[in-house]
Number of protein chains: 2
Amino acid sequence: MAKAVCTGFKASGIASGIKKNNQKDLGLIYTQTPAKAAGVFTRNQIQAAPVIVNRKRIQSGEAQAIVVNSGNANCCTGQQGMEDAFEMARLTAFGLGLGEEKTLVASTGVIGVKLPISKIKAALPRLVKALDSEGFENFAHAIMTTDTIAKIVTRHGRINGKEFTVTGVAKGSGMVCPNMATLLAFVCSDIDVQSDYLGYATYIAAERSFNRVNVDGDTSTNDMVLTLANGMSGAVVENSLHKASFQGVLDEVLKELSKMIVQDAEGATKCVDIKVMGAKSDEDAHRVASTIANSNLVKTAFFGEDANWGRILAAAGRAGVTLKSDRIDVFFNDVRMCHNGIGCGDMAENQATQVMKKPEYTVTVDLKLGSGQASMLTCDFSLDYVRINADYRS
Amino acid sequence: MAKAVCTGFKASGIASGIKKNNQKDLGLIYTQTPAKAAGVFTRNQIQAAPVIVNRKRIQSGEAQAIVVNSGNANCCTGQQGMEDAFEMARLTAFGLGLGEEKTLVASTGVIGVKLPISKIKAALPRLVKALDSEGFENFAHAIMTTDTIAKIVTRHGRINGKEFTVTGVAKGSGMVCPNMATLLAFVCSDIDVQSDYLGYATYIAAERSFNRVNVDGDTSTNDMVLTLANGMSGAVVENSLHKASFQGVLDEVLKELSKMIVQDAEGATKCVDIKVMGAKSDEDAHRVASTIANSNLVKTAFFGEDANWGRILAAAGRAGVTLKSDRIDVFFNDVRMCHNGIGCGDMAENQATQVMKKPEYTVTVDLKLGSGQASMLTCDFSLDYVRINADYRS
């Protein structure tokens, strides 16, 4: 993995004892000059304490540090949880010599258990000391829960001849379903940009990436995407061309991160792009794609490498969208399995079965009702998903 | 299992060769006098041929026979599928000496494969010959797909001193989610009732039973509940008291059948009643209960016997209903695990873990916002669910 370096940013990740077996569980991102800041948060009605804290702090449009723990979500922890989130930020700000309100917090892990704030307090001096411009990989490891690989993406762009960098780090492999930023993601950039626009760009990029992936239909209480832009590259966003340039790079980073999340989804062995075309509207297409992407029967068939296109039609049929079953075509990559609602026979089935043996492929559903289209990235539903989630807390 | 006998009705079930290994796959219900008939059908936009045939035929309000095959859904089979469904009814009517339009058809099994009508044609004389007033158990076996137990319920009521009987037979253990009659169910009664009212009563009973259970969030293309009432008991529904009496018995039969379906759900080891109370409205309560009942993370925790109440709150939080997290209580049977949104500690957790070892228990979520309530019956999500559905067609 390339070492992520973004001008003026440092990161670190250490083990504080929240997780067992000396696993990294505490991470810090710091920018040497204050950054413009924006956030996109879970739409779940049950929100963890750090979500509530950040929603308020981000309104200032500025931040200089983000402290994150894994192994405990600090959610459903009541007033004590709020105090612990504030304390975690306060201790971090103190260690960095910052104003408390410039520090954002995030937590991920089991819900309903009091945050072990004393362990965090004891570890914070070490965490600050470990800050390094090449520390993003340690940070990425520190925010993992059931993830099996660290997720970091760095991309570059250029404005008026000046190069800027966008580095994103994310975690998430379960409780992932599109209904807002469905995981933790932290994005650092050295671009110079207004905070209002940074918020808009972050929202758009999240819509195009994290909100187009599905693992299990569950959304989390702790999801957030935080973006910091410290301006240190000297690349300044001044007009709509510059905006397009930045948005393109930001989209790419978040899309790549969201693909990594699906690939690393709990127990997943397949990464399948569900494309719906020919819908009456893009919204209809999105509903159909989402319903297929979230169907347990479709996902278990992917796991079984069974080209059971009937389940794909059955899922489409319950998406709440008017369809004409005698027009629908279904493709596995370029193999047409179903034409005008009827199966294409054994040869197509054999070819489709070969496609399904691949780790990545595309299922295209053509409704032939209009020009609306949408796509969703999903994974299969494996025995290991059940194993992982039946035993999560033990 | 008690032999189901309902005056004037006969049933049969045989092996016609659609399924492998000489398993029963063709069933018939017949009433010696024409019956009032009503039906409730899938809301899935993709509908199997027999659903389309029955929707039309049921409008007459009368029927005398229902022929059902398992092993093939006759869905996504185009014009040929429609012709096969008509042919299946026609052949049955011919064998029974009935008008073709008095015969209803149903199919269940794999989608997208042409119905082997010649096998059905060859078997029909045997099927008719096998009709017997005690033949419901054979019929129940003939309509099973991944079901492991036959599902028959008989209950009795009394109107003006005259006893009437309601016998229901159902199949279903996957693709079960409330969004209409979520399976095949056939209900016979010897009560004397108008067909309009029979339709209403069937709809209400389905809402109270099949639409309150959840296995995997998928709904089928072939779902239907058909009710026949031949009037031969002499018990006549003439006023609202009689209606209440009949509705009570019908509800009981369908509720018992829907419970049997959850207990026999694919791979299920637990049957859990999700009760939501204190919602602003019954509708809100229903949305919360449904979302919890359909959460893969909640269902895998049930399988793992892990009292992970945080996942229950997280599911409630994405139901699209306004909640106050600091008011919510969660109970496992009578053990309170979460009070005002905060966990109740290790002793409660130990007690709740004991509750979760039982095959059946209740999870109660009190939102403390109003007086709305609802409940949903759900099952756990096990390794065997994935195994069964990954290999369904092989």
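If you're wondering where the values come from, they're calculated on a predicted model, not measured in any experiment.

Draft legend 1. Structural context of unusual backbone geometry. Residues and elements named next belong to chain A. In this structure, N22 is a non-glycine residue whose phi angle is positive, near 60°. Relative to the helices and strands, N22 is located in the loop between β1 (9-14) and β2 (26-41). Positive phi values are uncommon outside glycine, yet C76 reaches one of about 60°. Position of C76 among the secondary structure elements: in the loop between β3 (62-70) and α2 (78-96).

Draft legend 2. A look at the side chain of N230 of chain A. Residues and elements named next belong to chain A. Within the secondary structure, N230 is located in the loop between β9 (224-229) and α6 (240-263). Exposure remark for N230: the relative accessible area of 9% places this residue in the buried category. Among the polar contacts made by the side chain of N230, one reaches the side chain of T31 at a distance of 3.2 Å. Filtering out sequence-adjacent residues up to four positions away, N230 remains in contact with T7, G8, F9, T31, T33, P34, A35, S189, D190 and I191.

Draft legend 3. Summary view of the interface of chain B and chain A. The interface of chain B with chain A comprises 52 residues on the first partner and 52 residues on the second. Here chain B meets chain A over a buried area of about 4300 Å², counting both sides, of which 57% is carbon and sulfur. Here chain B is connected to chain A by 0 salt bridges. For the interface between chain B and chain A, the tally reads 3 residue pairs in polar contact (both at pLDDT 80 or more). Elements represented by at least two residues in the side of chain B that touches chain A include exactly α8 (296-303), α9 (309-317), β13 (342-343) and α11 (383-390) of chain B. Here the side of chain B that touches chain A gets 7 residues from one element, more than from any other, and that element is α9 of chain B. Among the residues making up the side of chain B that touches chain A, the classes are represented as 22 nonpolar, 21 polar and 9 charged.

Draft legend 4. Local environment of the pairing of strand β15 (residues 372-379) of chain B. Residues and elements named next belong to chain B. Along β15, 6 of the 8 residues are buried, which leaves the element largely enclosed by surrounding structure. Judged from the 7 bridges that link them, strand β10 (residues 271-279) and β15 form a sheet pairing that is antiparallel. Its bridge partner being in β15, V276 is matched across the sheet by A374.

Draft legend 5. Main features of the pattern of salt bridges. Tallied over the full model, the rule gives 28 salt bridges over all chains. Put simply, K275 of chain A and D273 of chain A hold a salt bridge, and the shortest N to O gap is 3.3 Å. What makes K275 of chain A partly exposed here is its relative accessible area of 36%. The closest approach of N and O atoms between D147 of chain B and K151 of chain B, which form a salt bridge, is 2.6 Å. Here D147 of chain B and K151 of chain B have matching classes, each one buried. Linked by salt bridges that have partners in common, D147, K151 and D264 of chain A make up one network.

Draft legend 6. Looking closely at the environment of M337 of chain B. All names here are of chain B. Mapping M337 onto the fold places it in strand β12 (residues 335-339). Owing to a relative accessible area of 1%, M337 belongs among the buried residues under this scheme. Spatially, the C-alpha atom of M337 lies 8.8 Å from that of Q351, the residues being 14 residues apart in sequence. What M337 contacts, discounting residues up to four positions off in sequence, is A307, W309, V330, F332, I342, G343, C344, A348, E349 and A352.

Draft legend 7. Expanded view of the packing of α8 of chain B against α9 of chain B. All names here are of chain B. Contact pair α8 / α9: the axes reach a minimum separation of 9 Å and the direction vectors enclose 160°. On the basis of their axis angle, the class for α8 and α9 is roughly antiparallel. The way α8 lies across α9 gives a crossing that is left-handed. Here L297, V298, T300 and A301 of α8 lie close against α9, whose contacting residues are R311, I312 and A315. The residue inventory of the contact of α8 with α9, partitioned by class, reads 5 nonpolar, 1 polar and 1 charged.

Draft legend 8. Geometry of the confidence of the model for chain A. Residues and elements named next belong to chain A. Confidence along chain A averages 89 in pLDDT terms, with 93% of residues attaining 70 or more. This stretch, residues 177-182, has a pLDDT under 50; its non-local contacts, to residues over four places away or in other chains, come to 31 contacts. Interface confidence for the predicted complex, expressed as ipTM, amounts to 0.72; the pTM equals 0.77.

Draft legend 9. Layout of the relation of the copies chain B and chain A. Superposition record for chain B on chain A: RMSD 0.1 Å, screw rotation 180°, translation along axis 0.0 Å. Those values place the two copies in the arrangement expected of a two-fold rotation axis. Among all C-alpha atoms of chain B, that of L383 of chain B lies closest to the rotation axis, at 2.7 Å. The share of interface residues of chain B whose copies in chain A are also at the interface is 100%, consistent with both copies meeting through the same surface.

Draft legend 10. Molecular detail of the pairing of strand β6 (residues 162-171) of chain B. Residues and elements named next belong to chain B. Burial analysis of β6 places 8 of its 10 residues in the buried class, the great majority of the element. Pairing of strand β5 (residues 151-159) with β6 involves 9 bridges; the strand directions are antiparallel. What sits directly across from G157, in β6, is F164. Connecting β5 to the next strand, β6, in antiparallel fashion are 2 residues, including N160 with a positive phi near 50°. Pairing analysis gives 6 bridges linking β6 to strand β7 (residues 184-189), with the strands arranged antiparallel. Looking at β7, one finds that G168 is bridged to V187.

Draft legend 11. Spatial organisation of the environment of A122 of chain B. Locating A122 of chain B in the fold gives a position in helix α3 (residues 117-129). Once the C-alpha coordinates of A122 of chain B and F381 of chain B are considered, the two residues, 259 residues apart in sequence, prove to be 40 Å apart.

Draft legend 12. Quick peek at the packing of helix α11 (residues 383-390) of chain A against α11 of chain B. Viewed as axis vectors pointing N to C, α11 of chain A and α11 of chain B meet at an angle of 170°, and their least axial separation amounts to 8 Å. Between α11 of chain A and α11 of chain B, the angle is such that the two are roughly antiparallel. Taking contact as the criterion, the partners of L383, V386 and R387 of chain A in α11 of chain A are, on α11 of chain B, L383, V386 and R387 of chain B. Taken together, the residues of the contact of α11 of chain A with α11 of chain B sort by class into 4 nonpolar, no polar and 2 charged.

Draft legend 13. Molecular detail of the state of the cysteines. Residues and elements named next belong to chain A. Taken as a whole and assessed by the stated rule, the structure comprises 0 disulfides over all chains. No disulfide involves C188; its sulfur sits 6.0 Å from the nearest other cysteine sulfur, which is in C6. Take C188: its relative accessible area is 1%, and that puts it in the buried class. Residue C379 stays outside any disulfide, its sulfur separated by 7.9 Å from that of C271, the closest cysteine.

Draft legend 14. Layout of the packing of aromatic side chains. Here the structure, examined in full by the defined rule, presents 13 aromatic pairs over all chains. Ring plane angle 40° and centroid distance 6.4 Å describe the contact between Y197 of chain A and Y200 of chain A, whose orientation is recorded as tilted. Of the two residues, Y197 of chain A and Y200 of chain A are both situated in helix α5 (residues 195-208); the distance of 3 residues between them amounts to about one turn of the helix. Geometrically, the ring pair formed by F139 of chain B and F186 of chain B is edge-to-face, given 5.6 Å between the ring centres and 80° between the ring planes. A residue pair is termed long-range when its members are at least 10 positions apart, and F139 of chain B in helix α4 (residues 136-142) and F186 of chain B in strand β7 qualify at 47 residues. Members of the aromatic cluster, joined through ring pairs, are F164, Y197, Y200 and F246 of chain A.

About the criteria used
Residues numbered from 1 in each chain as written. Chains lettered and ligands numbered in written order. Predicted model: local features only at pLDDT ≥ 70, side-chain atom pairs only at ≥ 80, totals over all residues. Heavy atoms only, no water. Helix = DSSP H or I, 4+ residues; strand = E, 2+ residues; numbered from the N terminus. Buried < 20%, exposed > 50% of the residue type's maximum accessible area, 1.4 Å probe, protein only. Polar contact = N/O pair within 3.5 Å; in protein donor to acceptor, adjacent residues only side chain to side chain. Contact = heavy atoms within 4.5 Å. Buried area = accessible area lost by both parts, 1.4 Å probe. Salt bridge = Lys/Arg side-chain N within 4 Å of Asp/Glu carboxyl O. Nonpolar A, V, L, I, M, F, W, Y, C, P; charged D, E, K, R; others polar. Pairing = 2+ DSSP bridges. Axes fitted to C-alpha atoms, helices over the stretch in contact; angles between N-to-C directions. Parallel < 35°, antiparallel > 145°, perpendicular 65-115°, else oblique. Left-handed = near helix turned anticlockwise from the far one by under 90°. pLDDT = per-residue confidence, 0-100. Least-squares fit on C-alpha atoms with pLDDT ≥ 70 in both. Disulfide = S-S within 2.5 Å. Phe/Tyr/Trp six-rings, centres within 6.5 Å; stacked < 30°, edge-to-face > 60°.

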